[in-house]
Amino acid sequence: MNYWLIKSEPFKYSWEQFVKDGQTFWDGVRNYAARNHLRTMKKGDLVFWYHSNEGTEIVGIAKVIKEAYQDPTTTEEAWVAVDFKPHKKLKKPVTLVQIKADKRLANMALVRLGRLSVQPVTDAEWAIVMEMAGEKP
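Residues numbered from 1 in each chain as written. Predicted model: local features only at pLDDT ≥ 70, side-chain atom pairs only at ≥ 80, totals over all residues. Heavy atoms only, no water.

Student: Go over the pattern of salt bridges, please, and point to the residues and values.
Tutor: All chains considered together, the criterion is met by five salt bridges. The salt bridge involving Glu-9 is made with Lys-12; its shortest N-O contact spans 3.6 Å. The partner of Arg-30 in a salt bridge is Asp-71, with the nearest N and O atoms 3.0 Å apart. A residue pair is termed long-range when its members are at least 10 positions apart, and Arg-30 in the loop between β2 (24-26) and α2 (32-40) and Asp-71 in the loop between β4 (57-70) and β5 (80-95) qualify at 41 residues. A residue is classified by how much of its surface remains accessible, and Arg-30, at 38% relative accessible area, is partly exposed. The exposure class assigned to Asp-71 is buried, which follows from its relative accessible area of 0%. In this structure, a network of salt bridges that share partners links the residues Asp-102, Arg-104 and Glu-131. (Salt bridge = Lys/Arg side-chain N within 4 Å of Asp/Glu carboxyl O. Helix = DSSP H or I, 4+ residues; strand = E, 2+ residues; numbered from the N terminus. Buried < 20%, exposed > 50% of the residue type's maximum accessible area, 1.4 Å probe, protein only.)

Student: Tell me about the nonpolar core, and name the residues and values.
Tutor: The biggest cluster of nonpolar side chains holds 21 residues, and the ones touching the most others in it are Leu-5, Phe-48, Ile-58, Met-108 and Trp-126. Contributions of two or more residues to this core are made by β1 (3-8), β3 (46-51), β4, β5, α3 (96-101) and α5 (123-132). Broken down by element, this core gets its largest block of residues, five residues, from α5. In contact with Ile-58, not counting residues within four places along its chain, are Leu-5, Phe-48, Trp-49, Tyr-50, Leu-90, Pro-93, Val-94, Ile-99 and Val-129. Core analysis: the second largest hydrophobic core is formed by 20 residues, Trp-4, Trp-49, Ala-62 and Leu-116 among them. (Core = buried A, V, L, I, M, F, W, Y, C linked by side-chain atoms within 4.5 Å. Contact = heavy atoms within 4.5 Å.)

Student: Lay out the sheet that holds strand β6 (residues 118-121) in plain terms, naming residues and giving numbers.
Tutor: With mixed pairing, six strands are arranged side by side in an open sheet as β2-β5-β4-β3-β1-β6. Looking at which strands have only one partner, the edges of the open sheet turn out to be β2 and β6. Across this sheet, the average inter-strand angle for adjacent strands is 40°, counted without regard to direction. Where β3 lies against β4, six bridges are found, and the strand directions are antiparallel. (Pairing = 2+ DSSP bridges. Axes fitted to C-alpha atoms, helices over the stretch in contact; angles between N-to-C directions.)

As far as function goes, none of this settles anything; it's purely spatial.
Dropping the structure here:
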């Protein structure tokens, strides 16, 4: 299994709204690196849900339920969407400040590539963040 992080601005689409909806599709990505990460996602992969701009914290975990398919918001074949469902709300949100303060996470994409909306997370990074959230990895 692979791990990922996706960013959502809570005023546009919050974790709470995602849970209420029961599932969603991730569309509208127009960055090639982020698109490539979406294409790599496999059914069952786990994904940190990160509130960007407001809150700047990881608040929950989503699960990939449908792998990459044509993005319905465009006819350009280059762009894809992926479907997610809520998996688990974290016991304690993990803030960007906490992540940046932990030297073990210095190479995490969230720290190095702050603007990228879809990012890979290594097994070690996943375990550290889960520990910070008071969760079992």
